[in-house]
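Read off the chains here:
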Amino acid sequence: MTKNETFTLTSTEKEELKALAKLALQKAVIENQKISVDPSIFPEVFQKKLGAFVTLHKDGKLRGCIGRFEPDMPLYQVIIDMAISASRYDTRFSPVTAEELPHITIEISVLTPRRKIDSIDEIIVGKHGIYIEYNGQSGTYLPQVATEMGWSAEEFFRSCCIEKAGIAPEHCKDATLYVYEAIVF
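The rules we used
- Residues numbered from 1 in each chain as written.
- Predicted model: local features only at pLDDT ≥ 70, side-chain atom pairs only at ≥ 80, totals over all residues.
- Heavy atoms only, no water.
- Core = buried A, V, L, I, M, F, W, Y, C linked by side-chain atoms within 4.5 Å.
- Buried < 20%, exposed > 50% of the residue type's maximum accessible area, 1.4 Å probe, protein only.
- Helix = DSSP H or I, 4+ residues; strand = E, 2+ residues; numbered from the N terminus.
- Contact = heavy atoms within 4.5 Å.
- Disulfide = S-S within 2.5 Å.
- Pairing = 2+ DSSP bridges.
- Axes fitted to C-alpha atoms, helices over the stretch in contact; angles between N-to-C directions.
- Phe/Tyr/Trp six-rings, centres within 6.5 Å; stacked < 30°, edge-to-face > 60°.
- Lys NZ or Arg CZ within 6 Å of the ring centre and 35° of its normal.

S.K.: Can you break down the nonpolar core residue by residue, with the values?
M.R.: Core analysis: the biggest nonpolar cluster contains 36 residues, and Leu9, Ile108 and Val110 have the highest contact counts within it. Broken down by secondary-structure element, the contributors of at least two residues to this core are α1 (11-31), α2 (44-47), β1 (51-58), α3 (75-88) and β3 (104-111). Look past the residues within four positions of Leu9 in its chain and what remains in contact with it is Lys14, Leu17, Val45, Phe46, Val110, Ile183 and Phe185. Counting 28 residues, the second-largest nonpolar core is a separate cluster that includes Phe53, Ile120, Ile132 and Val179.

Right under this line is the structure:
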């Protein structure tokens, strides 16, 4: 996908991706297996190589969130892999159990390509997610994080830099900063 190409999903396609994530989650948690799918059943839009995050909530609270930026595999495969990873490999949480499944809701964020920016003044809160890297350390916040936390662009940047990427405060000004957008559903 090129940087100028517009990407959209219909409401039906969004529901299909959520159903796919739910199926992958259930198969992984209950049967300890990865679902097997026939790629030919998916629409062309699911074959596009895009990054995505899958976020799990339990009773409204974060229960896991893992994503992939690099568009090196088809979207349907990223959704399957990230649903499994969010349920098992988010180190902030223990693995999701079968008993929790009825209480888990799934949020998917399909990402546009990242774009390097020169200043935090270019961040549009609520529209842009940010990705920060410095000296081998990196971190990201999805676009909805700033809105949910009520942060300004400066607060969004500083929290991502220090708390998420683990970059020393005095080096945040030297970090490379990117923005991206997400279709969240």
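From this point, things continue past the structure.
S.K.: Give a detailed account of the state of the cysteines, specifying residues and quantitative values.
M.R.: Scanning all chains against the criterion turns up 1 disulfide. In this model, Cys161 is linked to Cys172 through a disulfide, with the two sulfur atoms separated by 2.1 Å. Here the S-S torsion is close to -110°, and the disulfide linking Cys161 with Cys172 is therefore left-handed. Taken as a pair, Cys161 in helix α5 (residues 153-164) and Cys172 in the loop between α5 and β7 (176-180) lie far apart in primary sequence, 11 residues in all. Exposure class is identical for Cys161 and Cys172. Each is buried. Counting only cysteine sulfurs, Cys160 is the nearest neighbor of Cys65, a cysteine outside any disulfide, at a range of 12 Å. With no disulfide partner, Cys160 has as its closest neighbouring cysteine sulfur the one in Cys161, 7.4 Å distant.

S.K.: Give me the sheet that holds β7: which residues, what numbers.
M.R.: Taking strand neighbours across the sheet as the criterion, the 4 strands line up as β4-β7-β5-β6 in an open arrangement whose pairing is antiparallel. Pairing within the sheet leaves two strands with one partner each, and these edge strands are β4 (115-117) and β6 (137-141). Within the sheet, the average angular offset between the axes of one strand and its neighbour, ignoring direction, is 25°.

S.K.: How would you explain the packing of aromatic side chains if you had to name every residue and give the values?
M.R.: The final tally for this structure, using the stated rule, is 8 aromatic pairs. In this structure an aromatic cluster arises from ring pairing among Phe53, Phe69, Tyr131, Tyr178 and Tyr180. In this structure, Arg114 packs its charged tip against the face of Tyr131, placed 4.2 Å from the ring centre. The side chain of Arg114 reaches across the aromatic face of Tyr178, ending 5.5 Å from its centre.

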